[in-house]
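One-letter residues, chain by chain:
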Amino acid sequence: QVQLVESGGGLVQAGGSLRLSCAASGRTFSAYAMGWFRQAPGKEREFVADINWSGGRTRYADSVKGRFTISRDNAKNTVYLQMNSLKPEDTAVYYCAAPVAGTDLPPMGYNYWGQGTQVTVSS
């Protein structure tokens, strides 16, 4: 059973930074791509970023390009999302996600989800 546990969310002022972490367990972490999504109040869940199995390929939503960086440490079974220059519109619950299959990008859909971590950016 794949388990994903996010941490690192919180309240930050606009222009500030946060780093989210997602600890994965239940299978060989390094064999799969990983992703981050977010859901703001009243909106649908949206893609933020993802990373291939080695960390050599990444993708970002246009809204976060140049501000967010996704990375992974396969020795620690952890994927990170470094968020800089945060804006109030980044306020959302952030979810870590993993595919059933797929080492590279894009994977064949994201099927496993963490419980989410709240990020609130004040203006």
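Note: the structure precedes this text.
Residues numbered from 1 in each chain as written. Predicted model: local features only at pLDDT ≥ 70, side-chain atom pairs only at ≥ 80, totals over all residues. Heavy atoms only, no water.

**Q** Can you walk me through the pattern of salt bridges in this structure?
**A** Pairs can form between side chains of opposite charge whenever their charged atoms are close. Across all of its chains, the model carries six salt bridges by this definition. Where Asp-90 meets Arg-38, a salt bridge forms, and the shortest distance between an N and an O atom there is 2.9 Å. Highlighted residues: Asp-90 in the loop between β8 (78-83) and β9 (92-99) and Arg-38 in strand β4 (residues 34-39), separated in sequence by 52 residues. Comparing Asp-90 with Arg-38, the two get one shared label, buried. In this structure, Arg-67 engages Asp-90 in a salt bridge whose closest nitrogen and oxygen atoms are separated by 2.7 Å. Placement of Arg-67 in the loop between β6 (58-60) and β7 (68-73) and of Asp-90 in the loop between β8 and β9 is noted, with a sequence separation of 23 residues between them. On the basis of relative accessible area, Arg-67 is assigned to the buried category, the value being 11%. It is possible to trace a salt-bridge network through shared partners that takes in Arg-38, Glu-46, Arg-67 and Asp-90. (Salt bridge = Lys/Arg side-chain N within 4 Å of Asp/Glu carboxyl O. Helix = DSSP H or I, 4+ residues; strand = E, 2+ residues; numbered from the N terminus. Buried < 20%, exposed > 50% of the residue type's maximum accessible area, 1.4 Å probe, protein only.)

**Q** Would you mind showing me how to read the nonpolar core here?
**A** Across soluble globular proteins, nonpolar side chains show a tendency to be buried alongside one another. If you look at the biggest cluster of nonpolar residues, it comprises 29 residues, and the most contacted ones within it are Met-34, Trp-36, Val-79, Leu-81, Met-83 and Tyr-94. Taken together, the elements giving at least two residues each to this core come down to β3 (18-25), β4, β5 (46-51), β7, β8, β9 and β11 (117-122). Leave out the neighbours within four places in its chain, and Val-79 touches Leu-20, Ser-21, Cys-22, Phe-29, Met-34, Trp-36, Ile-51, Ile-70, Ser-71, Arg-72 and Cys-96. (Core = buried A, V, L, I, M, F, W, Y, C linked by side-chain atoms within 4.5 Å. Contact = heavy atoms within 4.5 Å.)

**Q** Explanation requested: the sheet that holds β8 in the structure shown.
**A** Strand pairing within a sheet occurs via backbone hydrogen bonds; the two strands may be parallel or antiparallel. The four strands lie next to each other as β1-β3-β8-β7, forming an open sheet whose pairing is antiparallel. What marks the edges here is a single partner per strand, and that holds for β1 (3-7) and β7. The mean inter-strand angle of the sheet, taken between neighbouring strand axes irrespective of direction, is 15°. In this structure, β7 lies alongside β8, joined through six bridges in antiparallel fashion. Bridged to Ile-70 within β8 is Leu-81. (Pairing = 2+ DSSP bridges. Axes fitted to C-alpha atoms, helices over the stretch in contact; angles between N-to-C directions.)

**Q** Is there a simple way to think about the packing of aromatic side chains in this case?
**A** Geometry of an aromatic ring pair is reported as the spacing of the ring centres plus the angle between the planes. Inspection of every chain in the model, using the stated rule, returns three aromatic pairs. With a centroid separation of 5.0 Å and an interplanar angle of 70°, the aromatic rings of Phe-37 and Trp-113 are classed as edge-to-face. Taken together, the residues span a long stretch of sequence, with Phe-37 in strand β4 and Trp-113 in strand β10 (residues 110-113) at a distance of 76 residues. Residue Phe-37 is classed as buried on the basis of its relative accessible area, which comes to 12%. Note that Arg-27 overlies the ring of Tyr-32, its terminal NZ or CZ placed 3.4 Å from the centroid. In this structure, Arg-45 is placed above the aromatic ring of Trp-113, and the distance from its NZ or CZ to the ring centre is 4.4 Å. (Phe/Tyr/Trp six-rings, centres within 6.5 Å; stacked < 30°, edge-to-face > 60°. Lys NZ or Arg CZ within 6 Å of the ring centre and 35° of its normal.)

**Q** Would you mind going over unusual backbone geometry with me for this structure?
**A** With omega at -10°, the peptide bond leading from Leu-105 into Pro-106 counts as cis. Summarising the element assignment, Pro-106 is placed in the loop between β9 and β10. With a phi close to 55°, Asn-77 is a non-glycine residue in the positive phi region. Among the secondary structure elements, Asn-77 is positioned in the loop between β7 and β8. Assessed through its relative accessible area of 29%, Asn-77 is described here as partly exposed. Located in the positive-phi region is Ser-85, a residue other than glycine, with phi close to 50°. The residue Ser-85 is located in the loop between β8 and β9 in this model.

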